[in-house]
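Geometric and topological summary
Below, each chain spelled out in residue letters.
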Amino acid sequence: MDIKKQYINGQWVEAISGNTRDIINPYNQEVIAVVADGNAQDSEKAIAAAREAFDQGDWPNTPATERAKIVKKIADLIDRDQEELAKLESLDTGKTLEESRWDMEDIAGVFRYYAELADKDGGEIINSPIPNSISKVVKEPVGVCGQITPWNYPLLQASWKLAPALVTGNTLIIKPSEITPLTHIKIFELIEESGVPKGVANLVLGPGNTVGAELSSHKNVDLISFTGGIETGKTIMQAASHNMKKIALELGGKNPNVIFADANLEVAIDQALNAVYFHAGQICSAGTRIIVEESIHDTFVDALTQRVKKIKLGNGFDETTQMGPLISEEHLKKVERYVEKGIKEGATVAVGGKRPDDAELQNGFFYLPTILTNCTTDMSVVQDEAFGPVITVEKFKTEEEAIKLANDSIYGLSGGVWTKDIVKAERCVAKMRMGTVWINDFNIYFPHAPWGGYKQSGIGRELGGMGLEEYQETKHIFHNLKPETMNWF
Ligand SMILES: NC(=O)c1ccc[n+]([C@@H]2O[C@H](COP(=O)([O-])OP(=O)(O)OC[C@H]3O[C@@H](n4cnc5c(N)ncnc54)[C@H](O)[C@@H]3O)[C@@H](O)[C@H]2O)c1
Ligand SMILES: C[N+](C)(C)CC=O
């Protein structure tokens, strides 16, 4: 197999060490690609290229309209190569091809959205209180941006970082998860084809504790934008403090899905499945904490369980497959341990709770879609992010209790409320401490609305206007049109 390379300073290059890494299909453990496996030296080289492109190059001062044209071209190229990108994403992550196709549509939409937003903010004239002066506020790029992405939605999470960074005139180095680099490599072919100048966008491949750590700590990186787990987020925050770089952190979630007895139960049950079992629950905003009103608890759980029993596991490329594997053996074991601990703490397995027995699934990292009942908020299984296909069910009697349970978490990424009572719904979401709340829906996101977490789910916002501002500095320019001496000293 040809070695897939990094993209640094406009060149496709192997790792300086010459090291490579096998990329594994989580459905059957076959090697699907061999990629360069960089280390801190490769990061250093990419940072130097991005620094030079920012300090000496034209990109930061290129008119926003011109940058927007290039970013829009990237969107068009994504559309052109959508099927190839979707297949690579499914091979690499195990998610169904249908889900990857949705992701690719979303991704092109993100590039298009930011291309359209690029030239809309021309700054602001301030009504200066000082006579004979002009006071204005302009937005400028932050500088060299380090970007680190996770394995669950590799290219989608990258698009939330690449598109706003590019249209605002920054230069960047992105590092995908070492186990899912394939669509990042492909999009850099498209970035090259689109005409982004050399050095502006760089791709470094390799592990977090070398390549990622260097990006987070390096003095020549002005901003680090990270999507991944809380513990890694803390490490990155500490590393970023070395040169006080700006940070944007999109971290985990343990997302409550509150179901009132007066909800449209048919829809609530159907969407409760979608909220968790897409991509085998490996979604930061998965609605894994079902909090259901006691009077409908048994009916709700029975109906949900019947539907879960019918979920078809398999190869993401098979059109009948509804749920693919987990990402790795290590992650599968983590999910197993999490469920075992929940059972020891008193949870009951309503369905699933183990690996499937089917012969055809034994080479993949599969875990059955699972529902745990009799859960209480003090259990680790209710508090910790499983990042797998596992629902925990808690009961409530009053609205107040439901909100208290929903907020009882170190996380604050997202949550949902199901009820036909619109006043009650608005009352609840006003009290829910999360960055995104859905009423009578779950897991909806689009480029126009901000995404990010309260509490330990993160710092900052991606998407929307706020996602653009993350990549901008704000400068106040005061111009004295009639300078005069004061003769104070
Ligand atoms: N909030 C969101 O929008 C969002 C979206 C997707 C995933 N996530 C979260 O991501 C997590 C799953 O992803 P993961 O397992 O890839 O997360 P992770 O934290 O293990 O890894 C994420 C990235 O960080 C890198 N990394 C690891 N150690 C590092 C270090 N010391 N310094 C710098 N970089 C380092 C990894 O190589 C990878 O590229 C879950 O917690 C999930 O909730 C959040
Ligand atoms: C943000 N989202 C839902 C696309 C992916 C989270 O893992």
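Residues numbered from 1 in each chain as written. Chains lettered and ligands numbered in written order. Predicted model: local features only at pLDDT ≥ 70, side-chain atom pairs only at ≥ 80, totals over all residues. Heavy atoms only, no water.

**Observations regarding the overall build of the protein chain**
In terms of regular secondary structure, the protein chain is built from 15 helices and 23 strands. By the compact-globule yardstick of 23 Å for 489 residues, the protein chain fits well, its C-alpha radius of gyration being 24 Å. When the backbone C-alpha atoms are referred to their principal axes, the protein chain occupies close to 80 × 60 × 40 Å. Across the 489 residues that make up the protein chain, the buried fraction comes to 56%. (Helix = DSSP H or I, 4+ residues; strand = E, 2+ residues; numbered from the N terminus. Rg over C-alpha atoms; globule rule 2.2 N^0.38 Å. Buried < 20%, exposed > 50% of the residue type's maximum accessible area, 1.4 Å probe, protein only.)

**Quick notes on the sheet that holds strand β20 (residues 436-439)**
Taken in spatial order, the seven strands line up as β15-β16-β17-β14-β13-β19-β20 in an open sheet, and their pairing is mixed. Strands at the two margins of the open sheet, each flanked by one partner only, are β15 (348-351) and β20. Between one strand and the next, the sheet's axes are offset by a mean angle of 25 degrees, whatever the strand orientation. The pairing of strand β14 (residues 289-293) with strand β17 (residues 390-396) spans five bridges and is parallel. By the bridge assignment, isoleucine 291 is partnered in β17 with glutamate 394. The strands that helix α13 (residues 399-407) touches are β13 (256-259), β14 and β17; relative to β17, the one it contacts most, it runs at about 145 degrees. (Pairing = 2+ DSSP bridges. Axes fitted to C-alpha atoms, helices over the stretch in contact; angles between N-to-C directions. Contact = heavy atoms within 4.5 Å.)

**Comments concerning a negative patch on the surface**
Together, Asp318, Glu319, Asp358 and Glu360 line one region of the surface with negative charge. Residue aspartate 318 is classed as partly exposed on the basis of its relative accessible area, which comes to 33%. (Patch = residues over 30% accessible without salt bridge, like charges linked within 9 Å, V, L, I, M, F, W, Y side chains within 5 Å. Areas by Shrake-Rupley, 256 points an atom, 1.4 Å probe, with all protein chains shown as cover. Salt bridge = Lys/Arg side-chain N within 4 Å of Asp/Glu carboxyl O. Lys, Arg positive; Asp, Glu negative; His and termini not counted. Charge placed at Lys NZ, Arg CZ, Asp CG, Glu CD.)

**Side note on the UniProt feature "active site" (unreviewed entry) in the protein chain**
According to UniProt, the positions carrying the feature "active site" (unreviewed entry) are Glu250. Within the secondary structure, glutamate 250 is located in strand β12 (residues 246-250). Each residue touching glutamate 250, except ones within four places of it in the same chain, is listed here: Phe226, Thr227, Gly228, Trp451, Gly452, Gly453, Ser457, Gly460, Arg461 and Glu462. (UniProt positions renumbered as here; feature names shortened; annotations may be inferred.)

**Remarks on the site of ligand 1**
What surrounds ligand 1 is a group of 29 residues, the closest being Thr149, Glu178, Thr232, Leu251 and Glu385. A distance of 2.8 Å separates an oxygen atom of ligand 1 from a polar side-chain atom of tryptophan 151. At 3.5 Å, a backbone N or O of serine 177 approaches an oxygen atom of ligand 1. For ligand 1, whose unbound accessible area comes to 850 Å², protein coverage reaches 87%. Of all the secondary structure elements, the ones that give two or more residues to the shell around ligand 1 are α7 (208-217), β11 (223-227) and α8 (230-240). (Near = heavy atom within 4 Å. Polar contact = N/O pair within 3.5 Å; in protein donor to acceptor, adjacent residues only side chain to side chain.)

**Thoughts on the domain arrangement of the protein chain**
Here the protein chain is described as being made up of domain 1 (3-251 + 457-476) and domain 2 (256-439). The straight-line distance from the C-alpha centre of domain 1 to that of domain 2 is 31 Å. Opposite the 24 residues of domain 1 that make contact, domain 2 presents 28 residues. Here domain 1 meets domain 2 over a buried area of about 2200 Å², counting both sides, of which 65% is carbon and sulfur. Inspection of the region where domain 1 meets domain 2 yields zero salt bridges. For the pair domain 1 and domain 2, the interface holds nine residue pairs in polar contact (both at pLDDT 80 or more). For the side of domain 1 that touches domain 2, the secondary-structure elements that each account for two or more residues are α3 (82-93) and α4 (97-117). With five residues, α3 is the largest single contributor of residues to the side of domain 1 that touches domain 2. A class-by-class count of the residues in the side of domain 1 that touches domain 2 yields 10 nonpolar, nine polar and five charged. (Domains from an automatic or database assignment. Buried area = accessible area lost by both parts, 1.4 Å probe. Nonpolar A, V, L, I, M, F, W, Y, C, P; charged D, E, K, R; others polar.)

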